[in-house]
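# Structure at a glance
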Amino acid sequence: MAAVRTIGVAVSALALLGVATMTSASASPDQGGERHGQQAVPLVLGHRGASGYRPEHTLASYELAARMGADYIEPDLVSTKDGVLVARHEPEIGGTTDVAKHTEFADRKKTKVLDGVTLTGWWTEDFTLAELKTLRAVERIPELRQENTIFNGRYQVPTFQEVIDLRKRLSRELGREIGIYPETKHPTYFRSIGLELEPKLVATLERNGLNRRDAKVFVQSFEVGNLRSLSRKLRVPLIQLTSASGAPYDFVAAGDKRTYADLVTPAGLREVAGYAYGIGPDKNQVIPRDAAGNLAQPTALVGNAHAAGLKVHPYTFRAENNFLPVNFRSSAVPSEYGDLFGELAAFWKAGVDGVFTDNTDIAVASRAETFPRR
Ligand code: G3P
Ligand code: CA
């Protein structure tokens, strides 16, 4: 998959900011950010939709992100009992749907081990799509996003196909192509229970004419094996997600001692570049925080990734103080908004190629300030 193609021109303003040139593995013009004149700018990736304003992974959340200007909308994918891909952050849905109020499903509550962690709740793989469709989404973090709770109970759990259909309709209406950035969630787990995600993902992209090199699609995973395998089946670019700690679960399951820290060494990044177009690191791997919780100096990750030919799309940029470095907080109240503009400015300057954000509107405005139209 890692065919090399030059898609853009590095310009002096970007160079001054330390922003990467647009030469990279398996790039395509459509996957570049919004174009300001001839200048490609970083991507704004609507994380779980516009999850700062609507319950995550609902059509309403994705639609709002697109309308706010997201380049891509991001569904996390899990499987139902009957093998349908649906958008949820994890198979356990007790915290993101009203399932606990459905007495008819009380006996579905189960304790399971997910990637080595024991969890009790309700699981998508125990529900048919028809059953899942009787549930309604709720806000995951009501203590931080009280406003979002007024939308509780209003939206269904969408299928991947419904997200693709929404993207198609909005692309037509808005006059620009909305990209889609699906993530395979817990692929080893789903394979272990006979509900492999990847064949369904490939088939859905194929069916929708989206398995092509210039489709506005990225496919992401925290695991390595399934991305490597997908790189032989998909023509779209792949993104290797990394975490600030721990290891890909397929490595853990196989007894492979390598960790995410190993993936982001220069040698690790060169290996990733063999099957992926970019990495999606925890933002703290790009700019860590100091002992006081303030944003510190950038690590070498962006430079090393670019040297390996990889793009860098860190996650997750959120406006609430709870998620911000101490020096960008507005108060001690976790739910109040702090200075997300300030945090984003530091990451644009560090040269990232895109950001996953719950607040598309702020990221779009911030990007316009740093990369003005010419
Ligand atoms: O996929 C990018 C980012 O979403 C990874 O974190 O846990 O929000 O899916 P998560
Ligand atoms: Ca995700």
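Residues numbered from 1 in each chain as written. Chains lettered and ligands numbered in written order. Predicted model: local features only at pLDDT ≥ 70, side-chain atom pairs only at ≥ 80, totals over all residues. Heavy atoms only, no water.

Just so we agree on the cut-off: UniProt positions are given in the numbering used here, feature names are shortened, and annotations may be inferred rather than shown by experiment.
Taking an unreviewed UniProt entry as the reference, the chain is identified by name as glycerophosphodiester phosphodiesterase belonging to Actinokineospora auranticolor. Recorded under Catalytic activity (unreviewed entry), the UniProt text for the chain is reproduced unchanged: "a sn-glycero-3-phosphodiester + H2O = an alcohol + sn-glycerol 3-phosphate + H(+)". Note on the chain: under the UniProt heading Sequence similarities (unreviewed entry), the record states "Belongs to the glycerophosphoryl diester phosphodiesterase family."

### As for the overall build of the chain
As a reminder, the rule being used: Secondary structure elements are taken from DSSP: a helix is a run of H or I of four residues or more, a strand is a run of E of two residues or more, and numbering for both begins at the N terminus. Each residue gets one of three labels from its accessible area relative to the maximum for its type: buried under 20%, exposed over 50%, partly exposed in between, using a 1.4 Å probe on protein chains only. Per-residue accessibility takes into account occlusion by the displayed protein chains alone, with areas from the Shrake-Rupley method and a 1.4 Å probe.
Broken down by element type, the chain carries 14 helices and 17 strands. The 374 residues of the chain split such that 56% are buried. Counting only carbon and sulfur atoms, one obtains 54% of the accessible surface of the chain, whose full area is about 14600 Å².

### A look at unusual backbone geometry
Peptide bonds are mostly trans, and most non-glycine residues show a negative phi. A cis geometry characterises the amide bond from Tyr-315 onward to Thr-316, with omega recorded as -10°. Tracing the backbone shows Thr-316 in the loop between β16 (311–312) and α13 (340–350). At His-57, a position not held by glycine, the phi torsion is positive, near 55°. Within the secondary structure, His-57 is located in the loop between β5 (43–47) and α2 (59–68). Look at His-57 and you get buried, because its relative accessible area is 0%. A positive phi angle, near 50°, is found at Asp-115, a position not held by glycine. Here Asp-115 is to be found in the loop between β9 (110–114) and β10 (117–121).

### So, the environment of Thr-360
What counts is decided by this rule: When checking whether two residues touch, look at their non-hydrogen atoms; a contact exists if any pair is within 4.5 Å.
Structurally, Thr-360 can be placed in helix α14 (residues 360–370). Beyond its immediate stretch of four places on either side in the chain, Thr-360 contacts Val-44, Gly-46, Gly-49, Ala-65, Met-68, Gly-69 and Ala-70.

### Focus: the side chain of Thr-204
Inspection of the secondary structure assignment puts Thr-204 in helix α6 (residues 198–207). Setting aside residues no more than four positions away along its own chain, Thr-204 makes contact with Phe-160, Gln-161 and Ile-164.

### Description of the sheet that holds strand β17 (residues 354–357)
Within a beta sheet, neighbouring strands are joined by backbone hydrogen bonds and run either parallel or antiparallel to one another. So the rule is basically this: Any two strands with at least two DSSP bridges between them are considered paired.
Taken in spatial order, the four strands line up as β11-β6-β5-β17 in an open sheet, and their pairing is parallel. A strand with exactly one partner marks an edge of an open sheet, and here the two such strands are β11 (179–180) and β17.

### Looking at the site of ligand 1
Rules: Here, proximity means that at least one heavy atom of the residue falls within 4 Å of the molecule or strand. Any pair of N or O atoms that falls within 3.5 Å is considered a polar contact. Within protein, one atom must be able to donate a hydrogen and the other to accept it, and sequence-neighbouring residues count only if both atoms are side-chain atoms. Basically, the charged four are Asp, Glu, Lys and Arg, the nonpolar ten are Ala, Val, Leu, Ile, Met, Phe, Trp, Tyr, Cys and Pro, and anything else, Gly included, counts as polar.
Around ligand 1, the surrounding shell consists of His-47, Arg-48, Glu-74, Asp-76, His-89, Glu-183, Lys-185, Gln-220, Phe-222, Leu-241, Tyr-315 and Phe-356. The contact in question runs from an oxygen atom of ligand 1 to an N or O atom on the side chain of Glu-74, over 2.9 Å. Within the contact set of ligand 1, an oxygen atom lies 2.7 Å away from a side-chain nitrogen or oxygen of Lys-185. Taken by itself ligand 1 offers 280 Å² of open surface, and the protein chains cover 92% of this. Split into classes, the residues belonging to the shell around ligand 1 amount to four nonpolar, three polar and five charged.

### A look at the coordination of the calcium ion (ligand 2)
Applied cut-off: Shown as donors are all N, O and S atoms within 2.8 Å of a metal ion, widened to 3.2 Å for Na, K and Ca; because water is not in the atom set, sites may appear incomplete.
At 2.1 to 2.3 Å from the calcium ion (ligand 2) lie its protein donor atoms, namely Glu-74 (OE), Asp-76 (OD) and Glu-183 (OE). The motif formed by the donor residues of the calcium ion (ligand 2), counted along the single chain, is E-x1-D-x106-E. Note that Asp-76 is positioned in strand β7 (residues 76–79) and Glu-183 in strand β12 (residues 183–184), a separation of 107 residues in sequence. In terms of burial, Asp-76 and Glu-183 fall into one category: buried.

### Considerations on the packing of helix α4 (residues 160–174) against α6
As a reminder of what qualifies: In this description, a line fitted to the C-alpha atoms serves as the axis of each element, helices being fitted only across the stretch in contact, and the angle between N-to-C directions of two axes falls anywhere from 0 to 180 degrees. Note on terminology: angles under 35 degrees are roughly parallel, angles over 145 are roughly antiparallel, angles of 65 to 115 are roughly perpendicular, and the others are oblique. Throughout, a crossing is termed right-handed when the near helix is turned clockwise from the far one, and left-handed when it is turned anticlockwise from it by less than a right angle.
Interaxial distance between α4 and α6 falls to 11 Å at its minimum, and their mutual angle equals 30°. Of the possible angle classes, the one that applies to α4 and α6 is roughly parallel. Considering how the two elements wind past one another, α4 and α6 form a crossing that is right-handed. Taking contact as the criterion, the partners of Phe-160, Gln-161 and Ile-164 in α4 are, on α6, Leu-201, Thr-204, Leu-205 and Arg-207. Here the contact of α4 with α6 is built from residues that sort into four nonpolar, two polar and one charged.

### Quick notes on the pattern of salt bridges
As a reminder, the rule being used: The working definition used for a salt bridge is a side-chain nitrogen of Lys or Arg within 4 Å of a carboxyl oxygen of Asp or Glu.
Per the stated rule, a full pass over the model turns up 25 salt bridges. Across the pair Arg-212 and Asp-214 runs a salt bridge whose closest N-O atoms are separated by 2.7 Å. We classify Arg-212 as partly exposed; its relative accessible area is 33%. A relative accessible area of 38% means that Asp-214 is categorised as partly exposed. Across the pair Glu-271 and Arg-228 runs a salt bridge, and its minimum N-O distance is 3.1 Å. Separated by 43 residues along the polypeptide, Glu-271 in helix α10 (residues 266–272) and Arg-228 in helix α7 (residues 225–230) bring together distant segments of the chain. One network of salt bridges, with partners in common, ties together Arg-48, Glu-56, Glu-90 and Arg-140.

### Focus: the layout of surface pockets
One simple way to see leftover space: roll a probe sized like a water molecule over the atoms. Formally: Every definition here rests on a 1 Å grid over the protein atoms only: cavities are sets of points where a 1.4 Å probe fits but cannot get out, pockets are open sets enclosed by protein on both sides within 12 Å along at least five of seven lines, and lining residues have some atom within 4 Å of a point. Grid points are joined across faces, edges and corners, and a volume is the space filled by probe spheres set on the points.
Approximately 380 Å³ is the volume attributed to the largest pocket. Elements with a minimum of two residues in the lining of the largest pocket: β10, β12 and α8 (249–254). The residue makeup of the lining of the largest pocket, split by class, is ten nonpolar, six polar and five charged. A volume near 250 Å³ is recorded for the second largest pocket. Every residue lining the second largest pocket is counted, 18 residues in all, and those nearest its centre are His-47, Arg-48, Phe-222, Tyr-315 and Thr-316. Among the residues forming the lining of the second largest pocket, the class breakdown is four nonpolar, six polar and eight charged.

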